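A look at the structure
Here is what each chain is made of, one letter per residue.
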Amino acid sequence: MSTVIDVKSPRVSIEYCTKCRWMLRAAWLGQELLTTFDTMIGELAIIPGSAAVFQIKVDDVIIWDRKEKGRFPEIKEVKQLLRDIIAPEMSLGHSDRKKPVEQQQEQEPKKEECKTCVE
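Residues numbered from 1 in each chain as written. Predicted model: local features only at pLDDT ≥ 70, side-chain atom pairs only at ≥ 80, totals over all residues. Heavy atoms only, no water.

1. Comments concerning the packing of helix α1 (residues 23-37) against helix α3 (residues 75-86)
For the record, the criterion: Inter-axis angles, ranging from 0 to 180 degrees, are taken between N-to-C directions of lines fitted to C-alpha atoms, where helices are fitted over the stretch in contact. Strands are runs of DSSP state E lasting at least two residues, helices are runs of H or I lasting at least four, and both sets are numbered from the N terminus onward. Angular relationships are summarised with four words: roughly parallel below 35 degrees, roughly antiparallel beyond 145, roughly perpendicular across 65 to 115, and oblique for the angles in between. Handedness of a crossing follows from how the near helix is turned relative to the far one, being left-handed for an anticlockwise turn of less than a right angle and right-handed for a clockwise one. Throughout, a contact is declared for two residues whenever any of their heavy atoms are within 4.5 Å. Gly counts as polar in this scheme, as do all residues outside two lists: the nonpolar Ala, Val, Leu, Ile, Met, Phe, Trp, Tyr, Cys and Pro, and the charged Asp, Glu, Lys and Arg.
Packing of α1 against α3 leaves a shortest axis separation of 11 Å and a crossing angle of 45 degrees. As the angle between them shows, α1 and α3 are arranged oblique. The handedness of the crossing between α1 and α3 is right-handed. Contacts from W28, L29, E32, L33, T36 and F37 in α1 reach I75, V78, K79, L82, R83 and I86 in α3. Tallied by class, residues from the contact of α1 with α3 come to 8 nonpolar, 1 polar and 3 charged.

Okay, structure coming up:
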């Protein structure tokens, strides 16, 4: 017997490390994306992982990788990245504007390391 899985596009997936207890962060981020992009997201998956992973994909394209960036994303960063892929014409309102402090100085992000997982 074969099972057919209907994957709706775009599929947004958030893979998080269970050992690091990042499930709530992943769920909150998913809720924020569904609130902003409601009918534009075909499917949202929250995937348990390991090894300090926190990775966001749209279909099979990685749009954020905590290991690569050295930090977690700000919600506005993820919304902008997702919007640029699925709805480039959409305005994100206040999330599209930089704060005056951000315009004056671009700081090196603080590295966030997991104390539980060994990479």
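2. Section: the pattern of salt bridges
If charged atoms from side chains of opposite charge come close, those side chains can pair. Note the threshold: The rule for a salt bridge is simple: a side-chain nitrogen of Lys or Arg has to be within 4 Å of a carboxyl oxygen of Asp or Glu. Accessibility here uses a 1.4 Å probe with only protein chains present; expressed as a share of the type maximum, an area under 20% marks a residue as buried, one over 50% as exposed, and anything in between as partly exposed.
By the definition in use, this model includes 4 salt bridges. Residue K79 is joined to E32 by a salt bridge in which the shortest nitrogen-to-oxygen separation is 3.5 Å. A residue pair is termed long-range when its members are at least 10 positions apart, and K79 in helix α3 and E32 in helix α1 qualify at 47 residues. By relative accessible area, which is 11% here, K79 ends up buried. Among the ionic pairs, R71 bridges to E77, the shortest N-O distance being 2.6 Å. On the accessibility criterion, R71 (16% relative accessible area) is buried.

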